[in-house]
Amino acid sequence: MEEKIMFLLAESIGLDGSLLDAAADPVNKYDMDSVMILDFVIRIEDEYGIDFQDFSELSNHMNTVQEMVDYMMEMIGGDHIE
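Scope of this entry: the structure provided in the associated data block. As the structure is a prediction and not an experimental result, all values here were calculated from the model.

Reading guide: rules and limits
- Residues numbered from 1 in each chain as written.
- Predicted model: local features only at pLDDT ≥ 70, side-chain atom pairs only at ≥ 80, totals over all residues.
- Heavy atoms only, no water.
- Core = buried A, V, L, I, M, F, W, Y, C linked by side-chain atoms within 4.5 Å.
- Buried < 20%, exposed > 50% of the residue type's maximum accessible area, 1.4 Å probe, protein only.
- Helix = DSSP H or I, 4+ residues; strand = E, 2+ residues; numbered from the N terminus.
- Contact = heavy atoms within 4.5 Å.
- Axes fitted to C-alpha atoms, helices over the stretch in contact; angles between N-to-C directions.
- Parallel < 35°, antiparallel > 145°, perpendicular 65-115°, else oblique.
- Left-handed = near helix turned anticlockwise from the far one by under 90°.
- Nonpolar A, V, L, I, M, F, W, Y, C, P; charged D, E, K, R; others polar.
- Patch = residues over 30% accessible without salt bridge, like charges linked within 9 Å, V, L, I, M, F, W, Y side chains within 5 Å.
- Areas by Shrake-Rupley, 256 points an atom, 1.4 Å probe, with all protein chains shown as cover.
- Salt bridge = Lys/Arg side-chain N within 4 Å of Asp/Glu carboxyl O.
- Lys, Arg positive; Asp, Glu negative; His and termini not counted.
- Charge placed at Lys NZ, Arg CZ, Asp CG, Glu CD.

### Observations concerning the nonpolar core
Logical step 1: With 26 residues, the main nonpolar core has Ile 5, Leu 9, Phe 40, Ile 44, Leu 58 and Met 72 as its most contacted residues.
Logical step 2: Where this core is concerned, the elements lending two or more residues are α1 (2–13), α3 (34–48) and α5 (65–76).
Logical step 3: No other element matches α5, which puts seven residues into this core.
Logical step 4: Discounting chain neighbours no more than four positions away, the residues touching Met 72 are Ile 5, Phe 40, Ile 44, Phe 52 and Leu 58.

Encoded structure:
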């Protein structure tokens, strides 16, 4: 699941998933703007059939790429889902 979320994030940013640095600040390193973040959230919603209600909460979990991925995994329901 983590790999899939990283792939969706890379698509939103416009990069090859293997180029993402999990320790990087996505806003500063990848120039992620609000449109890219919204695109990422929509891709997660479409992929996992969820409705992410609190978009603003994501901003509290954007210090690193890994933190974003961990937060999305938590929102989806844990790391046991493929």
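### Notes on the side chain of Ser 12
Logical step 1: Turning to its location among the elements, Ser 12 is positioned in helix α1.
Logical step 2: If near-sequence neighbours (up to four positions away) are discounted, Ser 12 is found in contact with Met 36, Asp 39, Phe 40 and Arg 43.

### Details of unusual backbone geometry
Logical step 1: Positive phi is not limited to glycine here, since Asp 31 has a value of about 50°.
Logical step 2: Relative to the assigned elements, Asp 31 resides in the loop between α2 (26–29) and α3.
Logical step 3: The exposed category is assigned to Asp 31, whose relative accessible area is 57%.

### A closer look at the packing of α1 against α3
Logical step 1: Where α1 contacts α3, the axes come no closer than 9 Å and their chain directions differ by 140°. By the angle class used here, α1 and α3 are oblique. Every pair of crossing elements has a handedness; the one defined by α1 and α3 is right-handed. Of α3, the residues touching α1 (which contributes Lys 4, Ile 5, Leu 8, Leu 9, Glu 11, Ser 12 and Ile 13) are Met 36, Asp 39, Phe 40, Arg 43, Ile 44, Glu 47 and Tyr 48.
Logical step 2: Here the residues of the contact of α1 with α3 sort into eight nonpolar, one polar and five charged.

### Some thoughts on a negative patch on the surface
Logical step 1: On the surface, Glu 2, Glu 3, Asp 70 and Glu 74 cluster together to form a negatively charged patch.
Logical step 2: Those elements that provide at least two residues to the negative patch are α1 and α5.
Logical step 3: Mapped onto the elements of the fold, Glu 3 is located in helix α1.
Logical step 4: Look at Glu 3 and you get exposed, because its relative accessible area is 70%.

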